[in-house]
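Descriptive analysis of the structure
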Amino acid sequence: MDFRLSDEHIALKNMARKFAEQEIIPVIREYDEKEEFPWDIIKKMHEVGLLTCGVPEEYGGPGIDMLGQIIVTEELCYGSAGVGATMAASSLLSAEPVIVAGNDAQKKHYFDVLNEGKLGAFCLTEPGAGSDVAGLSMTAKRDGDYYILNGTKQFITNGGVADIYTVFATTDKNLKYKGIIGFIVDRNTPGISVGPEEKKMGIRTSDTRQVIFEDVRVPVENRLGEEGEGFSICMKSLDLSRPSVAAEAIGIAQRAFDIAVKYCKERVAFGQPIGNFQALRFMLADMAMEIEAARLLTYKACWLAMNNEPFNYMASYAKCYAADMAMRVTTNAVQILGGYGYLREYGVEMCMRDAKVMQIYEGTNQIQRVVIANHIFRG
Ligand SMILES: Cc1cc2nc3c(=O)[nH]c(=O)nc-3n(C[C@H](O)[C@H](O)[C@H](O)COP(=O)(O)OP(=O)(O)OC[C@H]3O[C@@H](n4cnc5c(N)ncnc54)[C@H](O)[C@@H]3O)c2cc1C
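Cut-offs applied
Sequence order sets the numbering: in each chain, residues are counted from 1 along the sequence as written. Local features in this predicted model are restricted to residues of pLDDT 70 or higher, and side-chain atom pairs are both shown and tallied only at a pLDDT of 80 or more, whereas totals for entire chains, interfaces and linings draw on every residue. Put simply, DSSP H or I for four residues or longer makes a helix, DSSP E for two residues or longer makes a strand, and each gets a number counted from the N terminus. In this setup the radius of gyration rests on C-alpha atoms only. A globule is expected at 2.2 Å times the number of residues raised to 0.38. Partly exposed residues are those whose C-beta has more than 12 but fewer than 20 other C-beta atoms within 10 Å; with 20 or more the residue is buried, with 12 or fewer it is exposed, and the C-beta atoms are placed from the backbone. Residues are treated as contacting if the C-beta atoms built from their backbones sit within 7 Å of each other. Any residue whose backbone-placed C-beta atom lies within 6 Å of a molecule or strand is treated as near that molecule or strand. Residues are sorted three ways: Asp, Glu, Lys and Arg are charged, Ala, Val, Leu, Ile, Met, Phe, Trp, Tyr, Cys and Pro are nonpolar, and all the rest, Gly among them, are polar. Source of the domain bounds: an automatic or database domain assignment. A pair of strands is treated as paired once DSSP finds two or more bridges between them. Under the convention used throughout, the expected extent of a helix is 1.5 Å for every residue step, that is, one less than its residue count. Note on method: axes are straight lines fitted to C-alpha atoms, helices fitted across the in-contact stretch only, with angles between N-to-C directions ranging 0 to 180 degrees. Note on angle classes: values under 35 degrees are labelled roughly parallel, values over 145 roughly antiparallel, values of 65 to 115 roughly perpendicular, and the remainder oblique. In this scheme the crossing of two helices becomes right-handed for a clockwise turn of the near helix relative to the far one and left-handed for an anticlockwise turn of less than a right angle. To count as a nonpolar core, a set of buried Ala, Val, Leu, Ile, Met, Phe, Trp, Tyr and Cys residues must be joined through C-beta atoms within 7 Å.

1. Quick word on the overall build of the protein chain
Looking only at helices and strands, the protein chain features 12 helices and 10 strands. For a compact globule of 379 residues, the expected C-alpha radius of gyration is about 21 Å, and the protein chain comes in at 21 Å, within 12% of that figure. Projecting the C-alpha coordinates of the protein chain onto the three principal axes gives extents of approximately 80 × 45 × 40 Å. A buried classification covers 51% of the 379 residues belonging to the protein chain. Restricting the contact set of the protein chain to residue pairs at least 6 apart, pairs at least 24 apart contribute 75%.

2. Quick look at the site of the ligand
In the region of the ligand, 23 residues are neighbours, and Leu 124, Gly 130, Ser 131, Thr 364 and Gln 366 sit closest. When residues of the shell around the ligand are traced back to their parent elements, those giving at least two are strand E1 (119-123), strand E3 (146-157) and helix H12 (365-378). Tallied by class, the residues present in the shell around the ligand amount to 13 nonpolar, 8 polar and 2 charged. Residues from two domains meet in the shell around the ligand; each of domain 2 (120-227) and domain 3 (232-378) gives at least three.

3. Looking at the pairing of strand E7 (residues 208-219)
Across 9 bridges, the pairing between E3 and E7 is antiparallel. If you follow Gly 151 over to E7, its bridge partner there is Phe 213. Pairing geometry for strand E6 (residues 192-194) and E7, over 3 bridges, is antiparallel. Bridged to Ser 193 within E7 is Ile 212.

4. Quick look at helix H3 (residues 66-79)
Over its 14 residues, H3 extends 20 Å from the first C-alpha to the last, a length consistent with the 20 Å expected when each residue adds 1.5 Å. Of all 14 residues in H3, 13 are buried, a share of seventy percent or more.

5. Concerning the pairing of strand E4 (residues 162-170)
Of all 9 residues making up E4, 8 are buried, and the element is well covered by its neighbours. The pairing of E1 with E4 spans 5 bridges and is classified as parallel. Its bridge partner being in E4, Leu 119 is matched across the sheet by Ala 162. Alignment of E4 against strand E5 (residues 180-186), held across 7 bridges, turns out to be antiparallel.

6. Quick look at the domain arrangement of the protein chain
The domain architecture assigned to the protein chain consists of domain 1 (7-115), domain 2 (120-227) and domain 3 (232-378). Computed over C-alpha atoms only, the centres of domain 2 and domain 3 are separated by 30 Å. Counted by class, the side of domain 2 that touches domain 3 contains 7 nonpolar, 4 polar and no charged residues.

7. Examining unusual backbone geometry
Even without glycine at this site, Lys 176 takes up a positive phi of about 50°. Locating Lys 176 in the fold gives a position in the loop between E4 and E5. By the C-beta count within 10 Å, which is 15 here, Lys 176 ends up partly exposed. Positive phi values are uncommon outside glycine, yet Glu 362 reaches one of about 55°. Structurally, Glu 362 is set in the loop between helix H11 (348-356) and H12. A residue is classified by how many C-beta atoms lie within 10 Å of it, and Glu 362, with 26 of them, is buried.

8. Observations concerning the packing of helix H7 (residues 230-266) against H11
For the pair H7 and H11, the least separation of the axes is 9 Å and the interaxial angle reads 155°. When the axes of H7 and H11 are compared, the pair comes out roughly antiparallel. Considering how the two elements wind past one another, H7 and H11 form a crossing that is left-handed. Together, Ala 249, Ile 252, Arg 255, Ala 256, Ile 259 and Ala 260 of H7 and Val 348, Cys 351, Asp 354 and Ala 355 of H11 make up the contact between the two elements. Looking at the contact of H7 with H11 residue by residue, the class counts come to 8 nonpolar, no polar and 2 charged.

9. Thoughts on the nonpolar core
Grouped together as the largest cluster of nonpolar side chains are 122 residues, with contacts concentrated most on Ala 249, Ala 253, Ala 256, Ala 322, Ala 326, Ala 333 and Val 348. In terms of residue count, H7 provides more of this core than any other element does, 17 residues in total. Those residues within four positions of Ala 326 in sequence are excluded, and the remaining contacts are Ala 249, Ile 252, Ala 253, Ala 355 and Met 358.

10. Structural notes on the environment of Tyr 346
Note that Tyr 346 resides in the loop between helix H10 (338-341) and H11. Owing to 20 C-beta atoms within 10 Å, Tyr 346 belongs among the buried residues under this scheme. Once you skip the residues sitting within four places of it in the chain, Tyr 346 turns out to touch Ile 259, Leu 337, Tyr 340 and Gly 341.

11. Digging into H11
Among the 9 residues of H11, 7 are classified as buried, and the element is accordingly described as predominantly covered. Among all positions of H11, only Val 348, Glu 349, Met 350, Cys 351, Met 352, Asp 354 and Ala 355 are buried. Among the structural elements, helix H1 (7-34), helix H4 (81-93), H7, helix H9 (312-336) and H10 are those in contact with the buried residues of H11.

12. Focus on the packing of H3 against helix H8 (residues 278-306)
Where H3 contacts H8, the two axes come as close as 9 Å, and the packing angle between them is 155°. In terms of orientation, H3 and H8 fall into the roughly antiparallel class. The handedness of the crossing between H3 and H8 is right-handed. Of H8, the residues touching H3 (which contributes Met 66, Leu 67 and Ile 70) are Thr 298, Tyr 299, Cys 302, Ala 305 and Met 306.

Written as structure tokens, this is what we have:
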């Protein structure tokens, strides 16, 4: 075993951290306050090659491996989970179905769009179907060389800012998971509209909306895999993407932790820095342990995936543990800063708000525990 990162991964980590410190942290609170999508940051992220970090080299991307993608995601989320989630939803989550099942022409089409600095979005959840993916109702009816899509997608990250979507629908709801089918859909296809931006607790700089499909004609050549393969494509995509949600959570937690440590050295109470108090030192010790444990689980999930070993249960370990950890760590960071932690100005309040969704999206932490328990019982 070798726990050291390679020189390339260290360079990538340093580059992404520098980007977070120079381009994100100084301006993000204002964007968060206004709940504004940070196009300026996204453009700069594209210029330095981080926005397309999931695009394979043969399709014009930087060719960063899965561990590198995790590292970039963590560091961007150190700056802002909203910004990191924008990149991850586009370059990782929305692109995974294309990586998993796309043919050469589909990959070229999808990645050409991302390589232009445009964004992608992954359209799975519906108003009536979140955890229960097989219960989705959006219909895909074959009409000659086209499928006609009708239905509404809910909570779509980048829904209003993306130029291309991966979309899941059903040919027949009675077939449940066997009826599901995946597509690449261009945003400018007639019949697509988006709802108003959702007002959220956290990751307020990311764009979350309904995407509505009304008689949207999608050419057959945009279908990913065969009819009936959509459920499996979707599950494989989520397995691949879950370590990046873990990385988002770790980035948030690391930032809250660093703010808390700095504050402990500076804040004086009872004539001494509060970092001298064992009560706070033990909290920080627990926080440091948990962050590192989450990172190691995430790296292990990546290692298994990169070595073609079964990894879906480990992706769930990582996502579930890291998300719960981020909630604990950010809550403790607010506590360590006392009243100042509760103010927006100090930054840990944003970390705590941002951490919550990590337990919810890309499969709630209850669903992760279902996956883990199934692995325990079925092997
Ligand atoms: C900010 C944000 C961004 C998102 N981005 C995207 C996106 O880009 N694309 C996309 O497709 N979706 C996206 N989602 C949707 C997200 O993945 C879903 O919200 C999530 O999967 C849960 O679905 P639901 O909200 O319908 O909850 P439900 O499935 O209705 O669950 C409600 C509660 O029941 C629990 N529950 C449900 N089933 C079980 C079970 N079998 N066992 C135990 N407990 C269970 C859940 O854990 C939860 O606590 C996003 C959501 C948010 C909030």
